[in-house]
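Now for the letters of each chain:
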Amino acid sequence: FFENKYMYEYNNIPVFLGDVKKIVNCVKSTLGPKGMDKILLNKIGNFQVTNDGATILKNIFFDSMALNIIRDICSVQDEEIGDGTTSVCCLIGELISEAEKLRSFQIHPQIIIKGFRIAAKESLKIIELKSFNHSDDIVYFCSEILNIVRTTLNSKIISPFREYFSRIVVKAVLKLKGSTNINSIKIIKKCGGSLRDSFIEDGFVLEKRSGINQPKKIENARILIANTLMDTDKIKIYGARIKVKTISRLAEIEVAEQKKIFDKCKKIISHGINVFINRQLIYNRHERFFMEHGILTIEQADFEGIDRLALVTGAEIVSTFDIPSKIKLGKCKVVEEILVGDEPMTRFSGCPNGDMCTIILRGSNFQILDEAERSLHDALCVLVQVIRDPRMVWGGGNIETHIAKGLENYSKKIHGKTALAIKSFSKAVQTLPKIVSENAGLDSIELINKIKNAHELGKEKTCLDLNKGDIGEADELGLTESSKLKAQIIVSATEAAEMILRIDHQLSETVE
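Moving on to the sheet that holds strand β5 (residues 199-202). In spatial order, the strands read β4-β13-β5; together these three strands make up an open sheet with mixed pairing. Both outer strands of the open sheet, β4 (185-191) and β5, are each paired with one neighbouring strand and no more. Pairwise comparison of adjacent strand axes, ignoring direction, gives a mean angle of 25° for this sheet. Relative to the sheet, helix α11 (residues 366-388) contacts β4 and β13 (357-363), its axis offset from that of β4 by approximately 165°.

Here it is, written out as structure tokens:
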């Protein structure tokens, strides 16, 4: 009943699962503080160096539906939490590997899925049980969120300067005064110097300078943000021409055009502003006209820059100026020109919609700057989630070992084949700290057994200490993580594994 020019092929499902393993094996070497980096080379020769799981998956060129499933799940993890994409990818691979072993014992996929669901639900209960909340003690809570940022940056390119950048990230988030909108934090990358030369600047910094001979500082600024053409309106009809008999007539046309644009400038001035920012070009004659009226102008501001500026100053981006009462102006206390390196920029401070801040990143090349920006973005996202949900757990493989032990004990209370699936889930979770220690060149089996023995002896905070190649206490090492991050890793990986295990055939349409 199919049309003659099409045919449908059945692909063997083990091949599909093999694709999952290939993708996970490509990513898992980047997991942990001692993980390796990947070079991502595109078709035109540009490259980037990264160990960010989401970035790697977005740039992998691999013809497989498995990649699309894992990429989508990791994208959700990146959007919801901001970090943990590599952990999700690795956990998906381990769950699929354990499921393959169970299928070799003739256990139906639906039974495996049922066991995984039960195990995921129990894992969330263990995370809830082992989590702690010190938000009542402000001083201790601030030290803990500093530890969370340090732990997040441990596996990033800026890990040698994690103490310095941790304080920058915490200061930036605290400036939001309870808001969780990280769009209010702008990151500017400027090549030159080293990462240690990066700094945080109060206020919003726009990567543009003011016009020539204009005031460099404006107090109590009233800001008009526009996206308008500061030129005469051209005839839009293709092939249209204007014929004149004398040069004087041509001069009259030019004078009329200039009068029209100056009328537009007067309309802008009539709004009672002292700062005018335009997305498009402002010509010298009009710039001088604004200068004579004491107005600071900035031209050709980038779209993202003026969008954020409009957000923090409370302005609206306009293109017409006929009805001043319908135009919303932005306000801030001070607009001034500053130097970042040797490049002049404009800073807006004292904005009404919260305290803005800008992080200026410095580095020796653009690859380092791009990776540093991704690292800071992950840390900012995680910290914002902690502000929303202040519950925390101990890191360094501590919570994974507790989950594995709890699930193993829980599986003994369950009868039938479902218990095998729950036990397999516990093995998959326990593999995450094993991968971290193996990426550091350590004996993973010995270290995991040491952690388990310490937990049996009542040392609940024991975790991996990769710097010493041994185990240590998580509170002493400052290894703290968000409980919501760990819970989302479990949920995302379980959903992806369930989606993959439900597939028994792949039907593809091909032309004969």
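From this point, the narrative continues.
Time to look at helix α4 (residues 85-104). In an α-helix, one turn spans 3.6 residues; hence positions three or four apart end up facing the same way. Spanning 20 residues, α4 covers 29 Å between terminal C-alpha atoms, matching the ideal 28 Å at 1.5 Å per step. With 16 of 20 residues buried, α4 is to be regarded as a mostly interior element. Immediately downstream of α4, the backbone of Gln 106 shows phi near 65°, a positive value.

Leu 91, Ile 92, Ile 359 and Phe 425 are the most contacted members of the largest nonpolar core, which has 95 residues in total. No other element matches the ten residues that α11 contributes to this core. Leu 91 has contacts with Ala 428, Val 429, Leu 432, Ile 489, Ile 490 and Ala 493, leaving out every residue within four places of it along the chain. Core analysis: the next-biggest nonpolar cluster, separate from the first, contains 21 residues, Ala 221, Ile 223, Ala 315 and Phe 348 among them.

Structurally, Gln 77 can be placed in helix α3 (residues 65-80). For Gln 77, a relative accessible area of 0% puts it in the buried group. Setting aside residues up to four positions removed in sequence, Gln 77 forms contacts with Gly 82, Asp 83, Gly 84, Thr 85, Val 88, Leu 485, Gln 488, Ile 489 and Ser 492.

In this section: the pattern of salt bridges. Summed over the entire model, instances satisfying the criterion amount to 27 salt bridges. Residue Glu 163 is joined to Arg 167 by a salt bridge in which the shortest nitrogen-to-oxygen separation is 3.1 Å. Taken together, the residues span about one helical turn, with Glu 163 and Arg 167 both in helix α7 (residues 162-174) at a distance of four residues. The closest approach of N and O atoms between Arg 347 and Glu 336, which form a salt bridge, is 2.3 Å. On the criterion of sequence distance, the pair formed by Arg 347 in strand β12 (residues 343-349) and Glu 336 in strand β11 (residues 330-340) is long-range, its members being eleven residues apart.

Looking now at the packing of helix α8 (residues 247-269) against helix α9 (residues 284-292). Running from N to C, α8 and α9 point in directions that differ by 35°, and their axes come no closer than 11 Å. Pair α8 / α9 crosses with right-handed handedness. Contacts between α8 and α9 involve Gln 258, Ile 261, Phe 262, Cys 265, Lys 266, Ile 268 and Ile 269 on the former and, on the latter, Arg 285, His 286, Phe 289 and Phe 290. Looking at the contact of α8 with α9, its residues break down into seven nonpolar, two polar and two charged.

Conventions used here
Residues numbered from 1 in each chain as written. Predicted model: local features only at pLDDT ≥ 70, side-chain atom pairs only at ≥ 80, totals over all residues. Heavy atoms only, no water. Pairing = 2+ DSSP bridges. Helix = DSSP H or I, 4+ residues; strand = E, 2+ residues; numbered from the N terminus. Axes fitted to C-alpha atoms, helices over the stretch in contact; angles between N-to-C directions. Contact = heavy atoms within 4.5 Å. Expected span 1.5 Å × (residues − 1). Buried < 20%, exposed > 50% of the residue type's maximum accessible area, 1.4 Å probe, protein only. Core = buried A, V, L, I, M, F, W, Y, C linked by side-chain atoms within 4.5 Å. Salt bridge = Lys/Arg side-chain N within 4 Å of Asp/Glu carboxyl O. Left-handed = near helix turned anticlockwise from the far one by under 90°. Nonpolar A, V, L, I, M, F, W, Y, C, P; charged D, E, K, R; others polar.

Shape descriptors only; they carry no functional weight alone.
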